[in-house]
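Structural characterization, general
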Amino acid sequence: MRAAEQFGTPFHLYDEKGIRETARRVQAAFSWAPDYMEYFAVKALPNPQILTIMREEGCGLDCSSETELLLAQRTGFFGEKIMFSANSMPAGEFALARSLQAIINLDDVSDIDILEKNGGIPETVCVRYNTGGNFTMNGNQIMGNPGEAKYGWTTEQLKPGLKRLKDMGVKRFGLHAFLASNMTDPGYYPALAKILMETAASMEKETGLNCAFINLSGGIGIPYRPEQKPVDVLAVGEEVRKVYTDVFGAPEKGKPGIKTELGRYMTGPHGFVVTRAVHEKNTYKHYIGVDACAVQLIRPAMYGAYHEISVVGRENAPKDHLYDITGCLCENNDKFAIDRLMPEIHVGDLLIIHDAGAHAFAMGYQYNGRLRTAEVLYQQDGTFRLIRRAETPEDYFATMVWD
Ligand SMILES: Cc1ncc(COP(=O)(O)O)c(C=O)c1O
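Residues numbered from 1 in each chain as written. Predicted model: local features only at pLDDT ≥ 70, side-chain atom pairs only at ≥ 80, totals over all residues. Heavy atoms only, no water.

What follows concerns the site of the ligand. In the neighbourhood of the ligand, 14 residues make up the surrounding shell, with G219, E261, G263, R264 and H359 lying closest. Residue S217 places a side-chain N or O atom 3.3 Å away from a nitrogen atom belonging to the ligand. In the environment of the ligand, a nitrogen atom lies 2.7 Å from a nitrogen or oxygen atom belonging to the side chain of E261. In isolation the ligand has 400 Å² of accessible area, and contact with the protein removes 89% of it. Grouping the constituent residues of the shell around the ligand by class yields three nonpolar, six polar and five charged. (Near = heavy atom within 4 Å. Polar contact = N/O pair within 3.5 Å; in protein donor to acceptor, adjacent residues only side chain to side chain. Areas by Shrake-Rupley, 256 points an atom, 1.4 Å probe, with all protein chains shown as cover. Nonpolar A, V, L, I, M, F, W, Y, C, P; charged D, E, K, R; others polar.)

Moving on, we come to unusual backbone geometry. Residue P10 follows T9 across a cis peptide bond; omega there is -5 degrees. Checked against the element boundaries, P10 lands in the loop between helix 1 (2-7) and strand 1 (11-15). One non-glycine residue with positive phi stands out, namely D35, at about 50 degrees. Inspection of the secondary structure assignment puts D35 in the loop between helix 2 (16-29) and strand 2 (37-41). (Helix = DSSP H or I, 4+ residues; strand = E, 2+ residues; numbered from the N terminus.)

One frequently used descriptor of interface size is the decrease in accessible area upon assembly of the parts. Parsing the protein into structural domains produces domain 1 (2-12 + 269-397) and domain 2 (32-262). Counting from both sides, the interface comprises 16 residues of domain 1 and, opposite them, 13 residues of domain 2. Overall, the association of domain 1 and domain 2 removes approximately 1300 Å² of surface from exposure, summing both partners, and the carbon and sulfur fraction of that is 58%. Taken as a group, Y306, D355 and I387 account for 34% of the area that domain 1 buries against domain 2, more than any other trio of residues on that side. On the surface where domain 1 and domain 2 come into contact, there are zero salt bridges. Summed over the shared surface of domain 1 and domain 2, the number is five residue pairs in polar contact (both at pLDDT 80 or more). Elements that contribute at least two residues to the side of domain 1 that touches domain 2 include exactly strand 18 (374-378) and strand 19 (384-388). (Domains from an automatic or database assignment. Contact = heavy atoms within 4.5 Å. Buried area = accessible area lost by both parts, 1.4 Å probe. Salt bridge = Lys/Arg side-chain N within 4 Å of Asp/Glu carboxyl O.)

Soluble globular proteins tend to bury their nonpolar side chains together. In this structure, L165, Y189, I214, L216 and I258 are the most contacted members of the largest nonpolar core, which totals 85 residues. Split by domain, the residues of this core number at least three in each of domain 1 (2-12 + 269-397) and domain 2 (32-262). Residues in contact with I214, not counting those within four places in the same chain, are L175, L196, M197, A200, F248, G257, I258 and K259. Listed in part, the 18 residues of the second largest apolar core include A277, I309, F336 and A360. (Core = buried A, V, L, I, M, F, W, Y, C linked by side-chain atoms within 4.5 Å. Buried < 20%, exposed > 50% of the residue type's maximum accessible area, 1.4 Å probe, protein only.)

Moving on, we come to the pattern of salt bridges. Side chains that differ in sign of charge can pair as their charged atoms come close. Applying the stated criterion to the full structure yields 19 salt bridges. One network of salt bridges, in which partners are shared, links E16, R20, R24, E56 and E57.

This brings us to the side chain of H12. Considering the arrangement of structural elements, one finds H12 in strand 1. A distance of 3.2 Å separates a polar side-chain atom of H12 from the backbone oxygen of Q296. With sequence-adjacent residues up to four places away left out, H12 is seen in contact with F272, V273, Q296, A356, A360, F361, T373, A374, E375 and V376.

Pairing is parallel around the closed barrel formed by eight strands, whose spatial order is 2-3-4-5-6-9-10-11. The average undirected angle you get between the axes of adjacent strands in this sheet is 25 degrees. Looking at chain direction, strand 5 (residues 103-106) and strand 6 (residues 124-128) are connected through two bridges and run parallel. Looking at the pairing, L106 lines up with V127 of strand 6. (Pairing = 2+ DSSP bridges. Axes fitted to C-alpha atoms, helices over the stretch in contact; angles between N-to-C directions.)

Moving on: the side chain of R128. Assignment of secondary structure puts R128 in strand 6. D107 provides the closest opposite charge to the buried, salt-bridge-free R128, at an N-O distance of 4.3 Å. (Lys, Arg positive; Asp, Glu negative; His and termini not counted.)

A separate point is the packing of aromatic side chains. What the rule picks out here adds up to 12 aromatic pairs. Centroid distance W32 to Y244: 5.5 Å. Interplanar angle 70 degrees. Geometry classified as edge-to-face. Of the two residues, W32 sits in the loop between helix 2 and strand 2 while Y244 sits in helix 9 (residues 233-248), which places them 212 residues apart along the sequence. A relative accessible area of 18% places W32 in the buried class. When the ring of F397 is compared with that of W402, the centres are 5.4 Å apart and the planes differ by 85 degrees; the resulting orientation is edge-to-face. Note on F397: relative accessible area 28%, which makes it partly exposed. The exposure class assigned to W402 is exposed, which follows from its relative accessible area of 60%. The structure contains a cluster of three or more aromatic residues connected by ring pairs, namely F30, W32, Y36, F135, Y188, Y189, Y244 and F248. One cation-aromatic arrangement involves K259 over F213; the distance from NZ or CZ to the ring centre is 5.5 Å. (Phe/Tyr/Trp six-rings, centres within 6.5 Å; stacked < 30°, edge-to-face > 60°. Lys NZ or Arg CZ within 6 Å of the ring centre and 35° of its normal.)

So, about the pairing of strand 18. Within strand 18, four of the five residues are buried, leaving the element largely enclosed by the surrounding structure. Relative to strand 18, strand 1 runs parallel, the two being bridged by five bridges. Across the sheet, L13 pairs through a bridge with V376, a residue of strand 18. Linkage of strand 18 to strand 19, two consecutive antiparallel strands, is achieved through a turn of five residues, within which G382 is found at a positive phi near 90 degrees.

Here it is as structure tokens:
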């Protein structure tokens, strides 16, 4: 593979064409909605070149920290193109978000006072809602457990909190919720939309405030396993439109808008970890050691998450060898696959770990002095572009005090 020779393994590789096509499909799915905007969740893939692609595709950004706000600013985002959805953050981050004229999503009623003192209360404020209990769909199937989640306002807090905001000069509110993650059931967004839209309509009546928008946040999943089907986002958009029409009537200008903050769905399938088999070990199990580790992709170690792995040149070979594919950390959970049937692997083979375009590089860390590796963009013209160099030991030492 050309890029592996050019950049050396391991590295993250992203497919520009795939990212742009997905962004366009998501926009098409909600093209019926007034004031629709996808705020790409920066935390999923915080690289300025990726954020620039999102800007070019007409997306905004969902930021969750001071650094992400600064990254958004440096990539040319401003005002209503930024959503700030933070949680338990330093108060000064509100002031920065306000100075950028970002839309503020309040995680707690106590944030009202903090915002007032740090930048002031704007005319439009978004509120993060937590329904509590379990989130069920398809009859009674439990899909998430918001009652255990640290985010958002309770049902009881909504009315008095919104009234208070009204007294402080707020004219319109947005309503946001993130009730479940990586949902490959296409019914997730419509079910969430129903909750948010009905709640917003009742809050409009009870508080006299207008609803500016419904923010469906992130949460649409991707098929990490080969047997899973991708979510048809066009069908999802159509189902959300039906819910909207039931609650607010035909969508038209001046009625509540729709916002999304997708991360995983936007870039997840369009990213890969390219790594090389560097060791083979036969003990109680048959191990293939690669030159990447959980520093590049922590999801398998952290959540036991499945990521498909292919062996370059042996994509169609029979999967008749049982391996653990391990990283190079002194951590026994540093495994990309456990008891996985794979084609035969030899030291020197290139392995591609799939679906590493979101919450992958971004969750990297430096345990064992293993450093973050490069990010490479496979551009639409067929060339590879380095969009982040690999860290060096000097980068690792740079923040240390030496004398
Ligand atoms: C507030 C908020 N919005 C959006 C996202 C993106 O979620 P996903 O990548 O699952 O779509 C997250 C993820 O943690 C989040 O916390």
